[in-house]
Amino acid sequence: ILVKEFHTKAYAARKKISIQEAARELRYSWFNEIVTKRNSKPTANRQLPTASWIVTAHHADDNIETMLMNFFRGTGIQGLRGILPKHGKLVRPLLPFRKTELIQFAMDHDLGWVEDSSNQSDKYSRNYLRKNIIPLVKNIYPEAEQNLLNNLQRFNDIQLLYQQSIDRHLQKLLEPRGNEIHIPVLKLKKTEPVVTIIYEIIKQYQFTSGQVPEVARLLESDTGKYIQSPTHRIIKNRNWLIISPNATEEAANILVEESDSSITFALGELQLKKYVAQVRNDLPSTNDITHLNAAEIAFPLLLRKWKAGDYFYPLGMKKKKKLARFFIDQKLSKADKENVWVIEMNKKIIWVVGMRVDDRFKTTDSTTETLVITLKGNRLGTR
């Protein structure tokens, strides 16, 4: 027998969840740890047998209660399916049977029945439903529990059809690009029901259902607007929504805020600093250091990889030039071109990072404040 004690109250307080939910997370985390350790490479003194499954004693009554709890606190079709008979390494072989059936089976075969003492307390929501709400409902609908079990099967079937439809929509909408997901705004706006589709897109990136209206507003917002989850950002960039990791080293589209002093990305590190007046005589100006007229700069900026069709006005020129043509003039190799990044503001490229500033944003004798951006650790090849 394996036994482990947890500081459940402290864990619940730290995670801001209920005691029941905390106990469940800790319990299943430990179960998975046991399976992983027992299936790891054997050692000379290891005597533990391997473990392939985590088996729990959940029964049909537990499933009824779970479905009702999910329904009352708000859930999608997935929550109304209740407890699944199999999920990964977790299996629940007793799920088809009512509690009364299992007790009778134990009595018929002289098996001991163990009841958790916490099941007698009304302070837990599951117990309150079991001891108070369900009996009241049965006074009006005697077959309520059996009807709910029948509904569980229907909801499972509905979830299957729902997921098939969602998968078709997502296949049409989501365009994976490296570590990012790009979503065409116009196509998303025409997809119905758009609110449900948005939720299904964002939930896997730790966005909550409460953030769905914010994403919907992004569809009509200006370039550069974004919302954030613990792991990702959704950025509006022209006619696209971009789901990008918060870890900038992994992202291909990175927002630069006015408060940022440094940004780490694939090419190295960008350092940003403002100076009073123009500083061309005080600081060196090289390919890796650009001086911008701060009065012309509106944050947030977008740091991204260049793409076909991009153009800018190279320093000293009054005519625009496509980046593809500019790279030919600079004799960039194919590998170098794949690693070029730009900084964009309001759909205008202000700097081809590590190469050339846009003439429209250069400092002049009348500049009163300069934004200096320095590229450290430039990983772009010979230009």
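Shown above is the structure to which this text applies.
Report follows, based on the coordinates. Quantities reported herein were computed from a predicted structural model and do not represent experimental measurements.

With six of its eight residues buried, strand E19 (residues 369-376) lies for the most part within the structure. Here strand E11 (residues 268-276) runs beside E19; their pairing, made up of eight bridges, is antiparallel. Residue pairing in the sheet places glutamine 271 in a bridge with threonine 374 of E19. As judged from the five bridges shared by strand E12 (residues 289-293) and E19, these two strands associate in the antiparallel manner. The residue of E19 that forms the bridge with isoleucine 289 is threonine 374.

What follows deals with the side chain of aspartate 62. Here aspartate 62 shows up in helix H3 (residues 60-73). For the buried aspartate 62, which has no salt bridge, the nearest side chain bearing the opposite charge is arginine 126, at an N-O separation of 4.5 Å. Within the structure, aspartate 62 has its side chain in polar contact with the backbone nitrogen of histidine 59 (distance 3.0 Å). Sequence-distant contacts of aspartate 62, defined by excluding residues within four places in its chain, comprise Ala57, Ile83 and Arg126.

Our focus in this paragraph is the pattern of salt bridges. Under the definition given, this model contains 18 salt bridges. Ionic pairing is found between arginine 98 and glutamate 145, a salt bridge with its closest N-O pair at 3.1 Å. Of the two residues, arginine 98 is situated in the loop between strand E3 (90-91) and helix H5 (99-108) and glutamate 145 in helix H7 (residues 144-173); the sequence distance between them amounts to 47 residues. When its relative accessible area of 18% is taken as the criterion, arginine 98 is described as buried. Residue glutamate 145 is classed as buried on the basis of its relative accessible area, which comes to 14%. Residues joined in a network through salt bridges with shared partners are Asp61, Arg98, Lys138 and Glu145.

Judged by side-chain polarity, Val137, Ile140 and Tyr141 come together as a nonpolar surface patch covering roughly 330 Å² of accessible area. Mapped onto the elements of the fold, valine 137 is located in helix H6 (residues 125-140). Judged by relative accessible area, which is 35%, valine 137 ranks as partly exposed.

Running from amino to carboxyl end, H3 crosses H7 at an angle of 75°, the nearest separation of the two axes being 10 Å. Accordingly, the angle class assigned to the pair H3 and H7 is roughly perpendicular. Between H3, through Ala60, Asp61, Asn63, Ile64, Met67 and Leu68, and H7, the contact on the second element is made entirely by Glu145, Leu148, Leu149, Leu152 and Phe155. Of the residues that constitute the contact of H3 with H7, the class distribution is eight nonpolar, one polar and two charged.

Here the residue pair glutamate 192 and proline 193 is connected by a cis peptide bond, since its omega of -5° sits within 30 degrees of zero. Following the sequence through the fold, proline 193 ends up in the loop between helix H8 (185-189) and helix H9 (194-202). The step from phenylalanine 299 to proline 300 runs through a cis peptide bond, and the omega angle for that step is 0°. Although it is not a glycine, lysine 331 adopts a positive phi angle of roughly 60°. Residue placement: lysine 331 occurs in the loop between helix H11 (323-329) and helix H12 (334-338). For lysine 331, a relative accessible area of 70% translates into the label exposed. Although it is not a glycine, lysine 347 sits at a positive phi angle of roughly 70°.

Before going further, it helps to examine the side chain of aspartate 61. Within the fold, aspartate 61 resides in helix H3. Sequence-distant contacts of aspartate 61, defined by excluding residues within four places in its chain, comprise Arg98, Lys99 and Glu145.

Counted according to the given criterion, the structure contains eight aromatic pairs. An angle of 70° between the planes, with centres 5.7 Å apart, marks the rings of phenylalanine 71 and phenylalanine 72 as edge-to-face. There is no split in this pair, since phenylalanine 71 and phenylalanine 72 are both exposed. Aromatic pair phenylalanine 312 and phenylalanine 326: ring centres 5.2 Å apart, planes at 80°, arrangement edge-to-face. Within this pair, whereas phenylalanine 312 is found in strand E14 (residues 311-312), its partner phenylalanine 326 is found in helix H11, the two being separated by 14 residues in sequence. Each member of the pair phenylalanine 312 and phenylalanine 326 is classed as buried. Counting every residue linked through ring pairs, the aromatic cluster contains Phe6, Tyr28, Trp30 and Phe31. A cation sits over an aromatic face here: lysine 89 above tryptophan 53, 5.8 Å from the ring centre.

Definitions and limits used
Residues numbered from 1 in each chain as written. Predicted model: local features only at pLDDT ≥ 70, side-chain atom pairs only at ≥ 80, totals over all residues. Heavy atoms only, no water. Buried < 20%, exposed > 50% of the residue type's maximum accessible area, 1.4 Å probe, protein only. Helix = DSSP H or I, 4+ residues; strand = E, 2+ residues; numbered from the N terminus. Pairing = 2+ DSSP bridges. Lys, Arg positive; Asp, Glu negative; His and termini not counted. Salt bridge = Lys/Arg side-chain N within 4 Å of Asp/Glu carboxyl O. Polar contact = N/O pair within 3.5 Å; in protein donor to acceptor, adjacent residues only side chain to side chain. Contact = heavy atoms within 4.5 Å. Patch = residues over 30% accessible without salt bridge, like charges linked within 9 Å, V, L, I, M, F, W, Y side chains within 5 Å. Areas by Shrake-Rupley, 256 points an atom, 1.4 Å probe, with all protein chains shown as cover. Axes fitted to C-alpha atoms, helices over the stretch in contact; angles between N-to-C directions. Parallel < 35°, antiparallel > 145°, perpendicular 65-115°, else oblique. Nonpolar A, V, L, I, M, F, W, Y, C, P; charged D, E, K, R; others polar. Phe/Tyr/Trp six-rings, centres within 6.5 Å; stacked < 30°, edge-to-face > 60°. Lys NZ or Arg CZ within 6 Å of the ring centre and 35° of its normal.

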